[in-house]
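Given next are the chains, with one letter for each unit.
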Amino acid sequence: TEPSEVGPRRQLRAQGARCRERGFNPALATEIEFYLTDPETGRPVYDGIQCYSLSKGAELEHVVGHIRRVIEAYGIVVEASNTEYAPAQIEINMGHGEAITVCDDTVVFKSVVREIARNHGLRATFMAKPFPGVSGNGLHLHHSLMRDGENVFAQATDDQPLGNASMRHWVAGLTTHAAQFALLANPTINAYKRIEDYSFAPPRVCWGLAKRNVAGRV
């Protein structure tokens with residue numbers, strides 16, 4: 001049977017091919033957040049914000065470490081893991097790679113997280129906004145364009161932080177099509193509860209340099 005014309009993997013392959021026709025190879029990395037919760041109460045397994053806490057991270061290492069080991073056994077590069085800006089919220093960062101491979105690996109990752117959490121008597125949720133009043137769960141996509149083994153986005157200077165025309169056009173394209181991306185990135189009503197002013201999920205089309213409260217962070 002022929003693949004669906006509107007299938008996401010087919011569309012991603014087509015976009016990758018367009019980039020390669022222009023001499024670029026797109027690379028992605030994903031950075032994913034989730035909560036570890038009690039399966040009976042549905043509440044996070046600890047209260048309070050302990051972002052980047054080594055002690056809280058150690059308390060959950062029997063789960064998070066297990067996740068990392070299984071993910072790496074699948075051949076997926078794990079660059080970092082840490083507690084995030086909400087109670088019992090975890091973030092795991094994966095390495096850059098071919099766009100289609102990274103997206104496939106991300107689907108595998110989410111399945112592994114849920115299964116291992118269940119094996120430890122917990123529940124993992126990737127819901128965008130499972131609890132009011134605290135941070136929601138995000139999935140950050142890191143973009144790079146490779147050419148001859150070099151990242152063209154890295155060609156930046158202090159007086160020209162956007163580096164070159166390729167990067168300026170890339171950022172312009174992301175902002176121009178932000179509304180359309182929102183349809184894919186926010187597929188549920190709950191997802192829009194995460195998007196609010198003065199948060200890490202802004203409601204406006206914007207980009208900035210090393211800012212955590214913009215839609216596109218350079």
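**Some remarks on the packing of aromatic side chains**
Per the stated rule, a full pass over the model turns up six aromatic pairs. Taking 5.4 Å as the distance between ring centres and 50° as the angle between the ring planes, the aromatic pair formed by Phe34 and Phe126 counts as tilted. Residue Phe34 is located in strand 1 (residues 25-37), and its partner Phe126 is located in the loop between strand 5 (123-125) and strand 6 (139-147); the two are separated by 92 residues in the primary sequence. Accessibility assignment for this pair places Phe34 and Phe126 in one class, buried. By way of ring pairs, the aromatic residues Phe34, Phe109 and Phe126 are connected into one cluster. Taking NZ or CZ as reference, Lys56 lies 4.5 Å from the ring centre of Tyr46, over its face. The residue whose ring lies beneath Lys110 is Phe126, and the NZ or CZ to ring-centre distance is 5.0 Å.

**Quick notes on unusual backbone geometry**
Residues other than glycine seldom take positive phi values, yet Ala88 does so here, at roughly 55°. Position of Ala88 relative to the elements: it lies in the loop between strand 2 (78-83) and strand 3 (89-94). According to the relative accessible area criterion, Ala88 is buried, its value standing at 0%. Of note in the backbone geometry, Asp148 takes a positive phi value of approximately 55° without being a glycine. Note that Asp148 resides in the loop between strand 6 and strand 7 (150-151). Judged by its relative accessible area of 77%, Asp148 falls in the exposed class.

**A look at the pairing of strand 3**
For strand 3, a buried count of six out of six residues is recorded, marking the element as mostly surrounded by other parts of the structure. Of the two faces of strand 3, the one carrying Gln89, Glu91 and Asn93 and the one carrying Ile90, Ile92 and Met94 are both buried. In this sheet, strand 3 lies alongside strand 1 in antiparallel orientation, the contact comprising five bridges. Within strand 3, the position partnered with Tyr35 by the bridge is Gln89. With five bridges joining them, strand 2 and strand 3 adopt antiparallel strand pairing. Paired with Thr83 across the bridge in strand 3 is Ile90. Hairpin connection, strand 2 to strand 3: the antiparallel pair is bridged by five residues, and Ala88 has positive phi, about 55°.

**Quick look at the packing of helix 5 (residues 165-176) against helix 6 (residues 178-185)**
Relative orientation of the contacting elements helix 5 and helix 6 amounts to 65°, with a least axis distance of 5 Å. Judged by the angle between their axes, helix 5 and helix 6 are roughly perpendicular. Across the interface between the two elements, Gly173, Leu174, Thr175 and Thr176 of helix 5 pack against Ala178, Gln180 and Phe181 of helix 6. Residue classes in the contact of helix 5 with helix 6 are distributed as three nonpolar, four polar and no charged.

**Overview of the pattern of salt bridges**
Pairing of side chains with opposite charge becomes possible as their charged atoms draw close. What the rule picks out here adds up to seven salt bridges. Note that Arg10 and Glu5 form a salt bridge whose closest N and O atoms lie 3.1 Å from each other. Since its relative accessible area comes to 30%, Arg10 is described here as partly exposed. With a shortest N-O distance of 3.3 Å, Glu59 and Lys56 are connected by a salt bridge. In this pair, Glu59 and Lys56 both sit in helix 2 (residues 54-59), three residues apart, roughly one turn of the helix. Exposure remark for Glu59: the relative accessible area of 46% places this residue in the partly exposed category. Lys56 sits in the buried class, given a relative accessible area of 17%.

Quick notes on the rules
Within each chain, residues carry numbers counting from 1 in the order of the written sequence. Local features in a predicted model are, by the rule used here, given only for residues with pLDDT of at least 70; side-chain atom pairs are given and counted only at 80 or more, and totals for whole chains, interfaces and linings are based on all residues. Neither water nor hydrogens contribute to the side-chain values; these are computed over all heavy atoms in the structure. Only Phe, Tyr and Trp rings take part, Trp by its six-membered ring, and two of them pair if their centres are within 6.5 Å. Stacked means planes under 30 degrees apart, edge-to-face means over 60, and tilted covers everything else. Only DSSP runs of H or I with at least four residues qualify as helices, and only runs of E with at least two residues qualify as strands; both kinds are numbered from the N terminus onward. Per-residue accessibility, obtained with a 1.4 Å probe over protein chains only, is compared with the maximum for each type, and a residue is labelled buried under 20%, exposed over 50%, and partly exposed between these values. The rule is short: NZ of Lys or CZ of Arg within 6 Å of the ring centre and within 35 degrees of the ring normal puts a charge over the ring. Here a strand pair is declared whenever DSSP counts at least two bridges between the two strands. Here the axes come from fitting lines to C-alpha atoms, over the contacting stretch only for helices, and the angles between their N-to-C directions go from 0 to 180 degrees. By the definition adopted for this analysis, an angle is roughly parallel if under 35 degrees, roughly antiparallel if over 145, roughly perpendicular if from 65 to 115, and oblique otherwise. For this analysis, residues touch if any pair of their heavy atoms sits within 4.5 Å. Polar here means any residue other than Ala, Val, Leu, Ile, Met, Phe, Trp, Tyr, Cys and Pro, which are nonpolar, and Asp, Glu, Lys and Arg, which are charged; Gly is therefore polar. Just to be clear on terms, a salt bridge is a Lys or Arg side-chain nitrogen sitting within 4 Å of an Asp or Glu carboxyl oxygen.

Function cannot be inferred from these measures alone, as they are strictly geometric.
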